[in-house]
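So you can see what is in the structure, the chains are spelled out below.
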Amino acid sequence: MFFIGCVLFSLAGFFLAFFLFAKKASKTLLALDRLSRKIAEDGVGGILPIVEGGEASKISVEFQHMLDKIRSDFVSLSEKIKEYEMIVSKILDPLFVLDDEGRIVFFNDSFRSLIGNNIRVGQYYWEAIREPTFAEFFNEHTSRIKENKTEIRKELKLKSKYFDVTGSFVRVTGERFYIFRDVTPLVEVERMKRDFISNLSHELRTPLSAMKGFIETLESDDSIKERSYVEIIKRNTERLIRMVNDLLTLSRLEEGYSLAEFEEVDLRDVVEPVLKLFERKIQEKGLDLIVDIGEDVKIRGDRFQLEQLFINLIDNAVKYTEKGYVKVQVKRENDSVLINVEDSGIGIPEKHQSRIFERFYVVDKSRSKRHDGTGLGLSIVKHIVMLHNGTIKLRSSPGEGSEFSIYIPVITSTKN
Ligand SMILES: Nc1ncnc2c1ncn2[C@@H]1O[C@H](COP(=O)(O)OP(=O)(O)OP(=O)(O)O)[C@@H](O)[C@H]1O
Ligand SMILES: [Mg+2]
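Since this is a predicted model, take the numbers as computed values, not measurements.

1. Side note on the packing of aromatic side chains
Under the counting rule described, the total for this entry stands at 16 aromatic pairs. Pairing Phe 96 with Phe 111 gives two aromatic rings, centres 4.3 Å apart and planes at 20°, and the pair type is stacked. Taken together, the residues Phe 96 in strand E1 (residues 95-98) and Phe 111 in helix H3 (residues 109-115) connect sequence positions 15 residues apart. A relative accessible area of 0% places Phe 111 in the buried class. Ring pairing ties together the aromatic residues Phe 96, Phe 111, Tyr 124, Tyr 125, Trp 126, Phe 134, Phe 137, Phe 138, Phe 163, Tyr 178 and Phe 180, which thus form one cluster. Positioned over the ring face of Phe 138 is Arg 176, at 4.1 Å from the centre of the ring.

In structure tokens form, the structure reads like this:
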């Protein structure tokens, strides 16, 4: 009996304790619910009511501390954002940010000055920049992003000015920003330089042709004793004529290609006569000539310029190779024609490889002088490749040889 009485008493004590605890807990939960509603209503700026008693009161104080901390972080973050926005808006180069659908998210003062006052956040970029060149650029950037490349850089003409435009993609936000650097003065100087070179080389051709004519007369004159002098004058005049012709070709190519005459060209008809020009020299040097020309190598292009392309590449391959072979390959690869000119010559050191397509760039002055090189050949080649919407790649190791690979897209007549 006594035992049962003890059990009942303990149970009663337990239930009483449980009841008191549950009551206290539900009071705390109710207080918590009230506090969170208040935060939701007032945001981080609100003041929480002091909840009376025990746990709930402690929690409300903790909540208030937390809110104060968030509030002060929030204020300093907003100030930082304002500061950055001000810095960006004062950057002199125009810039703007687009979301992944091409809507304007942000632009700076310079961009507004460039585009006009009607520009608004939320507009699509094509409502602000009406030039199709930017739309093409945007689409190209989209393709690059799909290939996991985030950056793009190109020269674009907008509002009759030239800009060096850089685009970057921010993967976390899906936004892109574009910076426009005005390079109009540089482009103008380049144009003046080109005009100058073009006019000068044109003017030089007449006296040089006259000199060449008279040298040939002197050559056939038996009374001249110092024949070697005549030979030197002849060789140097020919070199000058070649240089002037190269300069003229290059400045015309750089002018905007308006002089190009596009037609259907079967590259087999272009390569074969060019190879004939080099047969003797290849034989004299004891080199092997490997030729591999496939069928179906027709492209739309400028016959004369394509001939120049082969002449310059094969001339280099033969000139800079003392033993081994020169290989010329032309073949169809999917929608392009591949032109490959390979040699087993002296090769080009890595550090020069990105620069040899520049005007007058020679790897080694003594090497080029020995070969009468002026460093114009490859810049002509590069312009001709660009004229045909192609790409050019170089693989080379010193002492082993060089390989120039050019891809030119085949444009079917229906596309034209
Ligand atoms: N196949 C090659 N092998 C080794 N070096 C080469 C080859 N092709 C070009 N080069 C190097 O690149 C430089 C630039 O070539 P490029 O054809 O522009 O000029 P060049 O041959 O010196 O003169 P030009 O072609 O105007 O007569 C050359 O000076 C040469 O050193
Ligand atoms: Mg050359």
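2. Some details on the packing of helix H8 (residues 267-285) against helix H9 (residues 303-319)
The geometry of H8 relative to H9 is characterised by a closest axis approach of 9 Å and an angle of 25° between their N-to-C directions. Classified by the interaxial angle, the pair formed by H8 and H9 is roughly parallel. Crossing handedness for the pair H8 and H9: right-handed. Every residue of H9 that contacts H8 at Leu 267, Asp 269, Val 270, Val 271, Val 274, Leu 275, Leu 277, Phe 278, Lys 281, Ile 282 and Lys 285 is listed here: Arg 303, Leu 306, Glu 307, Phe 310, Ile 311, Ile 314, Asp 315, Val 318 and Lys 319. Each residue belonging to the contact of H8 with H9 can be placed in one class, and the counts come to 13 nonpolar, no polar and seven charged.

3. Observations concerning the sheet that holds strand E3 (residues 151-158)
Spatial strand order, E2-E1-E5-E4-E3: five strands in an open sheet with antiparallel pairing. Both edges of this open sheet fall to strand E2 (104-107) and E3, since each of them pairs with a single strand only. Sheet twist, expressed as the mean angle between neighbouring strand axes with direction ignored, is 25°. Pairing geometry for strand E4 (residues 161-170) and strand E5 (residues 175-182), over eight bridges, is antiparallel. Note that in E5 the partner of Val 165 across the bridge is Phe 180. The strands touched by helix H5 (residues 132-146) within the sheet are E1, E3, E4 and E5, with E3 carrying the most contacts at an inclination of about 175°.

4. A short note on the confidence of the model for the chain
Here the chain averages 86 in pLDDT, and 86% of its residues register 70 or above. Mean pLDDT across the elements of the chain ranges from a minimum in helix H1 (residues 2-42), with 66, to a maximum in strand E10 (residues 336-343), with 98.

5. Let's talk about unusual backbone geometry
Backbone geometry places Lys 159, a non-glycine residue, at a positive phi of 50°. Its identity as a non-glycine residue notwithstanding, Asn 334 has a phi of 50°, on the positive side.

6. Overview of the pairing of strand E12 (residues 401-409)
Within E12, seven of the nine residues are buried, which leaves the element mostly enclosed by the surrounding structure. Both E10 and E12 contribute to a ladder of eight bridges, which runs antiparallel. Each bridged residue has a counterpart across the sheet, and for Leu 338 the counterpart in E12 is Tyr 407. Between the end of strand E11 (residues 391-397) and the start of E12, which pair antiparallel, lie three residues, with Gly 399 showing a positive phi angle near 85°.

7. Some thoughts on empty space enclosed by the protein
Take a probe with the size of a water molecule and roll it over the atoms, and the empty space left behind shows itself. Tallied over the full model, the rule gives one cavity of 30 Å³ or more. The volume enclosed by the largest cavity comes to roughly 30 Å³. If you go around the largest cavity, the residues you meet are Arg 194, Ile 197, Leu 247, Leu 250, Ser 251, Glu 254 and Arg 359. Looking at the lining of the largest cavity, the elements with two or more residues in it are helix H6 (184-219) and helix H7 (227-254). Among the elements that line the lining of the largest cavity, the one with the most residues is H7, at four residues. Residues belonging to the lining of the largest cavity are distributed by class as follows: three nonpolar, one polar and three charged.

8. Overview of the sheet that holds strand E7 (residues 288-293)
Pairing within the open sheet is mixed, and its five strands lie in the order E7-E9-E10-E12-E11. Since the sheet does not close on itself, it has two edges, and those belong to E7 and E11, each with one partner. In this sheet, neighbouring strand axes are inclined to one another by 10° on average, regardless of whether the strands run parallel or antiparallel. Bridge count between E7 and strand E9 (residues 325-333): six bridges; the pairing is parallel. By the bridge assignment for E9, Asp 288 is matched with Tyr 325. Contacts from H9 reach E9, E10 and E12, with the element oriented near 25° to E10.

9. Re a nonpolar patch on the surface
A surface patch of nonpolar side chains, about 290 Å² in accessible area, is lined by Tyr 84, Ile 87 and Ile 91. Within the secondary structure, Tyr 84 sits in helix H2 (residues 54-90).

10. Some remarks on the nonpolar core
Counting residues in each nonpolar core, the largest one holds 45 residues, and the members touching the most others are Leu 267, Leu 309, Phe 310, Ile 314 and Ile 339. Taken together, the elements giving at least two residues each to this core come down to H7, H8, H9, E9, E10, helix H12 (377-387) and E12. Formed jointly, this core draws a minimum of three residues from each of two domains, domain 3 (186-254) and domain 4 (263-415). When sequence neighbours within four positions are dropped, the list of residues in contact with Ile 339 reads Leu 267, Leu 309, Phe 310, Gln 329, Val 330, Phe 404, Ser 405, Ile 406 and Ile 408. Residues Phe 96, Tyr 125, Ala 128 and Phe 138 belong to the second largest nonpolar core, which totals 21 residues.

Parameters and conventions
Residues numbered from 1 in each chain as written. Chains lettered and ligands numbered in written order. Predicted model: local features only at pLDDT ≥ 70, side-chain atom pairs only at ≥ 80, totals over all residues. Heavy atoms only, no water. Phe/Tyr/Trp six-rings, centres within 6.5 Å; stacked < 30°, edge-to-face > 60°. Helix = DSSP H or I, 4+ residues; strand = E, 2+ residues; numbered from the N terminus. Buried < 20%, exposed > 50% of the residue type's maximum accessible area, 1.4 Å probe, protein only. Lys NZ or Arg CZ within 6 Å of the ring centre and 35° of its normal. Axes fitted to C-alpha atoms, helices over the stretch in contact; angles between N-to-C directions. Parallel < 35°, antiparallel > 145°, perpendicular 65-115°, else oblique. Left-handed = near helix turned anticlockwise from the far one by under 90°. Contact = heavy atoms within 4.5 Å. Nonpolar A, V, L, I, M, F, W, Y, C, P; charged D, E, K, R; others polar. Pairing = 2+ DSSP bridges. pLDDT = per-residue confidence, 0-100. 1 Å grid on protein atoms, 1.4 Å probe; cavity = no way out; pocket = protein on both sides within 12 Å on 5 of 7 lines; lining within 4 Å. Points joined across faces, edges and corners; volume = space filled by probe spheres on them. Patch = residues over 30% accessible without salt bridge, like charges linked within 9 Å, V, L, I, M, F, W, Y side chains within 5 Å. Areas by Shrake-Rupley, 256 points an atom, 1.4 Å probe, with all protein chains shown as cover. Salt bridge = Lys/Arg side-chain N within 4 Å of Asp/Glu carboxyl O. Core = buried A, V, L, I, M, F, W, Y, C linked by side-chain atoms within 4.5 Å. Domains from an automatic or database assignment.

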